[in-house]
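Residue-level structural notes
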Amino acid sequence: VVFVDTGYHFAETIGTRDAADATLAIHVVNASPAMPVSEFEATHGKLYETNPDLCCALRKVIPLNEALAPYEAWASGIRRSETRTRVMSPVVGWDSARGKVRVSPLARWNDQQIDSYIARHSILVNPLLSDGYGSVGCWPCTRRTPQGADSRAGRWLGFTKTECGINE
Ligand code: SF4
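Here the residue numbers are simple positions, counted from 1 along each chain's written sequence. Predicted model: local features are reported for residues with pLDDT of at least 70 only, side-chain atom pairs are reported and counted for 80 or more only, and whole-chain, interface and lining totals are derived from all residues. The side-chain numbers reported here are obtained from all heavy atoms of the structure, hydrogens and water having been left aside.

**Observations concerning the sheet that holds strand 5 (residues 100-103)**
Within a sheet, adjacent strands bond to each other through the backbone by hydrogen bonds, running parallel or antiparallel. Strands qualify as paired when DSSP identifies two bridges or more between them. Put simply, DSSP marks the helices as runs of H or I at least four residues long and the strands as runs of E at least two long, and each gets a number from the N terminus on. Across the sheet, which stays open at both edges, the three strands sit in the order 3-5-4 with mixed pairing between neighbours. Pairing within the sheet leaves two strands with one partner each, and these edge strands are strand 3 (73-75) and strand 4 (92-95). Pairs of neighbouring strands in the sheet enclose a mean axial angle of 30°, with direction left out of account. All axes are obtained by fitting lines to C-alpha atoms, using only the stretch in contact for helices, and the reported angles, taken between N-to-C directions, cover 0 to 180 degrees.

Below, the structure written as structure tokens:
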């Protein structure tokens, strides 16, 4: 399981990663950007404020691409019900940007199905999901989900940006 470690995650997210790695039959691979945050900000400033697309490219997309390079297929947890930009997401599709098959086993699942599966199987989840965050990304770019909005509405609030580039 690849964890894209941007250096900007909430402590709760890091704790969830570590708990999953310790308790599940998985091997977590940390995909890190070339520069740690201190060097990155000394070079670029707070890129998440000035150019979040470039920040995501350098801290998410490139590290993930490097981690996926040896593989012919990868799996993503995206779901159609998360946001309007994902309503056409196929369960199995061709990721032309990477030249790989992409499998999205949860694509057709709605929120109720997710919640009942989590409850039925005692799945470990990020505690921020029960603290008003419908979707959790990096702390500078994630706010609690506004009332009545779709689950990803708290991401990049104030920008037109809706995706980080990993799933496009
Ligand atoms: S979500 Fe924000 S902080 Fe994280 S990589 Fe993208 S722009 Fe940077």
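The rest of the description comes next.
**With respect to the side chain of Thr 16**
Checked against the element boundaries, Thr 16 lands in helix 1 (residues 11-23). With relative accessibility at 16%, the residue Thr 16 sits in the buried group. Throughout, a contact is declared for two residues whenever any of their heavy atoms are within 4.5 Å. Discounting residues that sit within four places of it in the chain, Thr 16 has contacts with Leu 124, Val 125, Asn 126 and Pro 127. Three exposure classes are used, based on accessible area relative to the maximum for each residue type with a 1.4 Å probe and protein chains only: buried under 20%, partly exposed in between, and exposed over 50%.

**Considering the side chain of Arg 17**
Here Arg 17 lies in helix 1. For Arg 17, a relative accessible area of 16% puts it in the buried group. Once you skip the residues sitting within four places of it in the chain, Arg 17 turns out to touch Phe 3, Asp 5, Val 28 and Asn 30.

**Side note on a nonpolar patch on the surface**
The patches reported here contain residues having more than 30% relative accessible area and no salt bridge. Joining distances are 9 Å for like charges and 5 Å for nonpolar side chains (Val, Leu, Ile, Met, Phe, Trp, Tyr). Computed with the Shrake-Rupley method and a 1.4 Å probe, the accessible areas treat only the protein chains shown as cover for residues. The salt bridge criterion pairs a side-chain nitrogen of Lys or Arg with a carboxyl oxygen of Asp or Glu, the two atoms within 4 Å. A surface patch of nonpolar side chains, about 390 Å² in accessible area, is lined by Tyr 117, Ile 123, Leu 124, Val 125 and Leu 129. By secondary structure assignment, the location of Ile 123 is in the segment after helix 5 (111-121).

**Details of the pattern of salt bridges**
Inspection of every chain in the model, using the stated rule, returns seven salt bridges. Across the pair Arg 17 and Asp 5 runs a salt bridge whose closest N-O atoms are separated by 3.4 Å. Residue Arg 17 is found in helix 1, and its partner Asp 5 is found in the loop between strand 1 (2-4) and helix 1; the two are separated by 12 residues along the sequence. Here Arg 17 and Asp 5 have matching classes, each one buried. Measuring nitrogen to oxygen at the nearest pair gives 2.8 Å for the salt bridge that ties Arg 98 to Asp 95. Across the pair, exposure class does not vary: Arg 98 and Asp 95 are buried alike.

**What about the environment of Val 4?**
Inspection of the secondary structure assignment puts Val 4 in strand 1. Distance from Val 4 to Cys 141, taken between C-alpha atoms, is 15 Å for residues 137 residues apart in sequence. Apart from residues lying up to four places away in sequence, Val 4 is in contact with His 9, Ala 31, Arg 59, Lys 60, Leu 64 and Ile 166.

**Some thoughts on the site of the ligand**
Residue proximity to a molecule or strand is established when one non-hydrogen atom of the residue lies within 4 Å of it. In the vicinity of the ligand, the residues found are Tyr 8, Tyr 48, Pro 52, Cys 55, Cys 56, Arg 59, Lys 60, Cys 138, Cys 141 and Trp 156. Among the elements that line the shell around the ligand, the one with the most residues is helix 4 (residues 52-68), at five residues. Following the grouping adopted for this structure description, the nonpolar residues are Ala, Val, Leu, Ile, Met, Phe, Trp, Tyr, Cys and Pro, the charged ones are Asp, Glu, Lys and Arg, and the polar ones are all others, Gly among them. Among the residues making up the shell around the ligand, the classes are represented as eight nonpolar, no polar and two charged.

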